[in-house]
Amino acid sequence: MYKPLVGIIMGSKSDLPIMKDAADFLKDLGIDYELTVVSAHRTPERMFDYAQNAAERGIKVIIAGAGGAAHLPGMVASLTSLPVIGVPVKSSNSIDGWDSVLSILQMPNGIPVATVALNAAKNAGILAAQILGTANEEVFRKVVAFKNDLKAKIEESAESLKAEGYPSGF
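Quick caveat, the model's predicted, so the values are computed rather than measured.

Parameters and conventions
Sequence positions are assigned chain by chain, starting from 1 and proceeding in written order. It should be noted that, the model being predicted, local features are given only for residues of pLDDT at least 70 and side-chain atom pairs only at 80 or more, the latter also being counted only at that level, while totals for whole chains, interfaces and linings use all residues. Heavy atoms from the whole structure form the basis of all side-chain values; hydrogens and water molecules are not counted. Buried Ala, Val, Leu, Ile, Met, Phe, Trp, Tyr and Cys residues form a nonpolar core when they are joined through side-chain atoms within 4.5 Å. We call a residue buried when its accessible area falls under 20% of the maximum for its residue type, exposed when it is over 50%, and partly exposed in between, using a 1.4 Å probe and counting protein chains only. What counts as a helix is a DSSP run of H or I of at least four residues, what counts as a strand is a run of E of at least two, and both are numbered from the N terminus. We call two residues in contact when some of their heavy atoms are within 4.5 Å. A pair of strands is considered paired only if DSSP assigns at least 2 bridges between the two. By convention a crossover is right-handed if, when the strands point away from the viewer, the path from the first strand over the helix to the second runs clockwise. Here the expected length of a helix is defined as 1.5 Å per residue gap, with one fewer gap than residues. When the centres of two rings from Phe, Tyr and Trp lie within 6.5 Å, Trp using its six-membered ring, the rings pair. Their planes under 30 degrees apart give stacked, over 60 give edge-to-face, and anything left gives tilted. Asp and Glu count as negative and Lys and Arg as positive, but His and the ends of the chain are not part of the count. Should a side-chain nitrogen of Lys or Arg be within 4 Å of a carboxyl oxygen of Asp or Glu, the pair is scored as a salt bridge.

A. Molecular detail of the nonpolar core. Judged by nonpolar contacts, the single largest core of 27 residues is most densely connected at Val6, Ile8, Met19, Ile31, Ile63 and Val87. Those elements giving two or more residues to this core turn out to be β1 (6-10), α1 (16-29), β3 (61-67), β4 (84-89), α5 (121-133) and α6 (137-163). When near neighbours in sequence (up to four residues on either side) are disregarded, Val6 contacts Leu26, Ile31, Asp32, Tyr33, Glu34, Ile59, Val61, Ile63, Ala128 and Leu132. One finds Tyr50, Ala77, Leu79 and Ile104 within the second-largest nonpolar core, a separate group that totals 20 residues.

Okay, here's the thing in structure tokens:
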């Protein structure tokens, strides 16, 4: 039975090309998620309902992506005690994405939002998996395997540069 543990929400469907990276990572690890559009400004009632009922529905972590004013992650965090990971999205009306980054970073004490880099939804997926892994050994093992794979790829890259004749300090 499909039982989402991670909720992925975004302010607009135009954010999907970025937010899909979180969904893809979670899918690769076999972590059930749900994905929908919830706008803090255009559908505040939908946002309230989503945030206030997520835990009751079994969601353990919320990933919220937003561009421009980027109020969605912070507003959702103000309505739930679940961990919220904010993904600043560089939108078409954005000031190089900094407006989104700063909107998500500058949360008042008591309403934390974990914030990843601009357009870094995959990192949000990884962080959500790490949070889930603190209470789920299978997820933890998958995260460890993912990190070990990253390490192996770097080692392979370093060896290939050596093999191509580039000097190396070690």
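B. Fine view of the pairing of β4. For β4, the tally of buried residues reaches six of six residues, placing the bulk of the element in the interior. Both faces of β4 are covered, namely the face carrying Val84, Gly86 and Pro88 and the face carrying Ile85, Val87 and Val89. Alignment of β3 against β4, held across six bridges, turns out to be parallel. Each residue of the ladder has a partner; that of Gly65, found in β4, is Val87. The parallel pair β3 and β4, bridged by helix α3 (residues 72-79), forms a crossover whose chirality is right-handed. Pairing between β4 and strand β5 (residues 114-115): two bridges, direction parallel. When the bridges of β5 are listed, Gly86 appears paired with Thr115. Taken together, β4, helix α4 (residues 98-105) and β5 constitute a β-α-β crossover, and its handedness is right-handed.

C. Summary view of α1. For α1, with 14 residues, the first-to-last C-alpha span of 20 Å sits near the 20 Å given by 1.5 Å per residue. Listed as buried for α1 are Met19, Ala22, Ala23, Phe25, Leu26 and Leu29. Structurally, α1 contributes buried residues whose contacts are with β1, β2 (33-37), β3, β4, α5 and α6. Directly beyond the C-terminal end of α1, a positive phi value near 75° is found at Gly30.

D. Inspection of the packing of aromatic side chains at higher detail. Per the stated rule, a full pass over the model turns up one aromatic pair. Aromatic pair Phe25 and Phe146: ring centres 4.9 Å apart, planes at 75°, arrangement edge-to-face. With Phe25 in helix α1 and Phe146 in helix α6, this pair connects stretches of sequence that are 121 residues apart.

E. Fine view of the side chain of Asp99. Looking at the element boundaries, Asp99 is found in helix α4. Buried and unpaired, Asp99 has no salt bridge, with Lys90 as the nearest side chain of opposite charge at 9.0 Å. If we ignore the near neighbours within four places in the chain, the residues touching Asp99 are Gly68, Asn93 and Ser94.

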